[in-house]
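# Per-entry structural report
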Amino acid sequence: MPAHDRPVARADLAAALDILGKRHLVLAIHDVSFPGRDDEDLGRGSPYSGGGRAFLGFVRQLGFTGVQLGPQGQTSRYNPSPYDGALFARDILSIALRPLADDPYYGNVLPRADLDDLLRGRPARQRQGVTERADYAAVWPRQLAALASAWHGFARRRAAADPSVADLAEAFDGFAREHAGWLAPAGLYEILSTAYRTGGTWSGAHGLRVSFDGSHWRTWPRDQELWVSKTQAAATRRAGLQRTYARELEFLAFCQLLAARQHAALRAELAARPGLPALRLFGDLQVGISVGDTWALHDLFLSGYAMGAPPSRTNPDGQPWGYPVLDPRLYGGGGGELGPALRLVAARTDAMLRDYDGLRVDHPHGLVCPWVYRTDEADAYRAVQGGARLFESPCLSDHPRLAAYAIARADQLDQALPRHADRWVHTLDDAQVDRYGAQLDVVLAAARAHGRALEDVLCEVLSTQPYPLQRVLEGHGLGRFRVTQKADLANPNDVYRSENARAEDWVMLGNHDTPPIWRLAASWHGTPLAAAQTAYLCGRLGSRSDADPARAHARGPRRAGARQVRRPAGVPGAPGGRLHERPVRRPRHLQRPWRGRSGQLDAPAAARLRGRLLAGGGRGAALDLGWALAIALRSRGPLARPSTPI
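Residues numbered from 1 in each chain as written. Predicted model: local features only at pLDDT ≥ 70, side-chain atom pairs only at ≥ 80, totals over all residues. Heavy atoms only, no water.

For the protein, the helix and strand inventory stands at 22 helices and 15 strands. Counting across all 646 residues of the protein, residues that qualify as buried make up 57%. Taking contacts inside the protein between residues at least 6 apart in sequence as the whole, the part at least 24 apart equals 72%. A total accessible area of about 25200 Å² is found for the protein, and carbon and sulfur atoms account for 53% of it. (Helix = DSSP H or I, 4+ residues; strand = E, 2+ residues; numbered from the N terminus. Buried < 20%, exposed > 50% of the residue type's maximum accessible area, 1.4 Å probe, protein only. Contact = heavy atoms within 4.5 Å. Areas by Shrake-Rupley, 256 points an atom, 1.4 Å probe, with all protein chains shown as cover.)

This is the structure:
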């Protein structure tokens, strides 16, 4: 039997990674994409469900050392993007329902009959080819009904001093006290949003007046300044709303307790134990801020400007995200004391590091050198294309307000270049670099305080790296992402080519903005690009004729895709580089990648998938770690081999 057709022990995979100098092998997946079982699934995935936990156990057995989750903040019915989710409140759609019915740890607060009724009446699974799609329209009312039923059961039994919920009741009281600072505004926003969208007439399960409809607070006839106002009238209004909607606020806090408990239980389950290494969870520190958080925090943001992305190689038109920008005047004064803006960054990072083993910093440009555009222009794309960087615009006639926030001087700019060019700023002194790094410094200080290593902070730098960001990252020893499927094969200096990776970089096939490798390989097959990819792979891997990637391309796009999966496994030019793998199918970012799901993963399916992944890839359409690592080891030349051939 050929070596790559034999199942490979996890210990041998770990040994191969060690020989190759790979410290992390990470799979990235959004909550929605987790598989679920028929006895628990309403149409959206969750890492806390039985299917999700089985999938993570399966991933650990395969040899992965970590899982990168997408943002897990609260979303709304009309905007499922996790990148627009809440900073502190967790998404209640990720709460697994079966444990609420079956596990005494949750007091069996959800009647099984109620859950079974919801499961029986769910719509058929949505599929597009082999990809399952999350059905948000169907999931929201059913999830809310289940959680309302659980809350109703908990509240009734707590009032009756039922010992079966005593532990949960004590945990609830402690949770509500500890997190009151964000629970209160998050709850009031959902209540007011529902009231103003429905005219105050909405009534849901058990009469709870909250629907997560997400109406924008700028459209409200009143209460736009309610949370940030320091007036006595606002304080009286807030107190009155909290009395009127006390039951709804408790319900929302209860949901957050359940989400927090399930997350903590999952981390404990994935921790190292005899015979099993830890599977570490990485959180996503997204650059975006939810509508609800902007309502509660808008006194911290710069008026008249929003954050977006300028024209780039990936998005030539730019991206008008509409995210608020922290006001630099609120960063803080001298002496190291943090102002209110940086205190928010610290609190948010601290909360995440209590829940995750590491962090992906989404678009660190937004922390260091944000691209901003005016919000008074009707055409958002025109506005973002004519935007500027907040801290390097000391002399722009169309953005005179930004001069007050400039760190870079006019003589440090190359104004012959576009404003978004990486070398628009060409020199900085150390004091200026320190000012640019103010937000990222707070993130890293929190990481150190939680005992995290520098490599536990991943910075999503893709095709663009402005000079100020480069200086800040270099000063901290942080790397960037090398997305190999985007590599320009005609440019040996292209940032995405794996041979240009450094020890601190992360090498990956793709991210949430890119198509799955199988779909991409299908588009390459039979084109000149297939031959170019073949030549590149042969050169990178030092392939001989008996292991030539050309045979993979000749056999069809599925085989070519399998071969592409192997490319990042060995980065010969970067002995300390890490590998970041994403075998889960998702469409492109603009097509809402967080809506794609993995198929169901019952025990027989897991066994079949494990066989394909570890024993040669079946038809060549699945990730084969053993074969990938064998190719990478062979490309290194004579090396000590693990005990089992891989």
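Now for the pattern of salt bridges. What the rule picks out here adds up to 37 salt bridges. When the shortest N-O distance is used, the salt bridge between Arg157 and Asp162 registers 3.5 Å. Classification of Arg157 by relative accessible area gives buried; the value is 16%. Put simply, Arg419 and Asp398 hold a salt bridge, and the shortest N to O gap is 2.9 Å. Taken together, the positions of Arg419 in the loop between strand 10 (388-389) and helix 14 (430-436) and Asp398 in the loop between strand 10 and helix 14 put the pair 21 residues apart, joining distant regions of the chain. What emerges from the salt-bridge pattern is a single network uniting Arg98, Asp102, Arg112 and Asp116. (Salt bridge = Lys/Arg side-chain N within 4 Å of Asp/Glu carboxyl O.)

With that settled, the discussion passes to the environment of Ala341. By secondary structure assignment, the location of Ala341 is in helix 11 (residues 340-355). A C-alpha to C-alpha distance of 9.9 Å links Ala341 and Val325, two positions 16 residues apart in sequence. For Ala341, the contacting residues outside a window of four places in its chain are Leu300, Leu326, Asp327, Leu330 and Tyr331.

Within the secondary structure layout, Gln74 lies in the loop between strand 2 (66-69) and helix 3 (98-102). Measuring from C-alpha to C-alpha, the distance between Gln74 and Gly292 comes to 9.5 Å, with 218 residues separating the pair along the chain. If we ignore the near neighbours within four places in the chain, the residues touching Gln74 are Gly85, Ala86, Ala89, Arg90, Asp91, Ile92, Trp140, Glu190, Phe212 and Gln256. At 3.3 Å, the side chain of Gln74 forms a polar contact with the side chain of Asp91. (Polar contact = N/O pair within 3.5 Å; in protein donor to acceptor, adjacent residues only side chain to side chain.)

As a further point, take the packing of helix 11 against helix 15 (residues 438-449). Two elements in contact, helix 11 and helix 15, have axes whose closest approach is 9 Å; the angle formed by their N-to-C orientations is 35°. In the crossing of helix 11 with helix 15, the sense of the turn from one axis to the other is right-handed. Two secondary-structure elements touch here, helix 11 through Leu342, Val345, Ala346, Thr349, Asp350 and Leu353 and helix 15 through Ala438, Gln439, Val442, Val443, Ala446 and Ala447. Along the lines of polarity and charge, the residues of the contact of helix 11 with helix 15 split into 9 nonpolar, 2 polar and 1 charged. (Axes fitted to C-alpha atoms, helices over the stretch in contact; angles between N-to-C directions. Left-handed = near helix turned anticlockwise from the far one by under 90°. Nonpolar A, V, L, I, M, F, W, Y, C, P; charged D, E, K, R; others polar.)

Bringing helix 11 into the picture now. Turn by turn, an α-helix covers 3.6 residues, leaving residues three or four places apart pointing in a common direction. In this model, helix 11 (16 residues) spans 23 Å end to end at C-alpha, consistent with the 22 Å of a helix rising 1.5 Å per residue. Along helix 11, the residues that are buried comprise Ala341, Leu342, Leu344, Val345, Arg348, Thr349, Ala351, Met352 and Leu353. Along its buried surface, helix 11 packs onto strand 5 (280-285), helix 10 (291-297), strand 8 (358-361) and helix 15. (Expected span 1.5 Å × (residues − 1).)

Okay, the packing of aromatic side chains next. Considering all chains together, one arrives at 21 aromatic pairs under this definition. Each member of the aromatic cluster is reached from another via a ring pair, and the members are Tyr189, Tyr196, Trp220, Trp227 and Trp295. Above the ring of Trp227, the side-chain terminus of Arg238 is found at 5.5 Å from the ring centroid. Taking NZ or CZ as reference, Arg261 lies 4.0 Å from the ring centre of Tyr105, over its face. (Phe/Tyr/Trp six-rings, centres within 6.5 Å; stacked < 30°, edge-to-face > 60°. Lys NZ or Arg CZ within 6 Å of the ring centre and 35° of its normal.)

The subject of this paragraph is the sheet that holds strand 6 (residues 305-309). Taken in spatial order, the 4 strands line up as 7-6-9-10 in an open sheet, and their pairing is antiparallel. Looking at which strands have only one partner, the edges of the open sheet turn out to be strand 7 (319-323) and strand 10. Where strand 6 meets strand 7, 2 bridges bridge the pair, whose relative direction is antiparallel. Paired with Ala309 across the bridge in strand 7 is Gln319. (Pairing = 2+ DSSP bridges.)

The next point concerns the nonpolar core. Core analysis: the largest hydrophobic core is formed by 96 residues, its most contacted members being Trp295, Tyr436 and Leu440. The dominant element in this core, judged by the number of residues it contributes, is helix 15, at 7 residues. When residues no more than four places from it in sequence are discounted, the contact partners of Tyr436 are Leu367, Val368, Cys369, Phe391, Glu392, Ile407, Ala408, Val425, Leu428, Pro468 and Val472. Core analysis: the next-biggest nonpolar cluster, separate from the first, contains 45 residues, Ala134, Trp151, Ala169 and Val210 among them. (Core = buried A, V, L, I, M, F, W, Y, C linked by side-chain atoms within 4.5 Å.)

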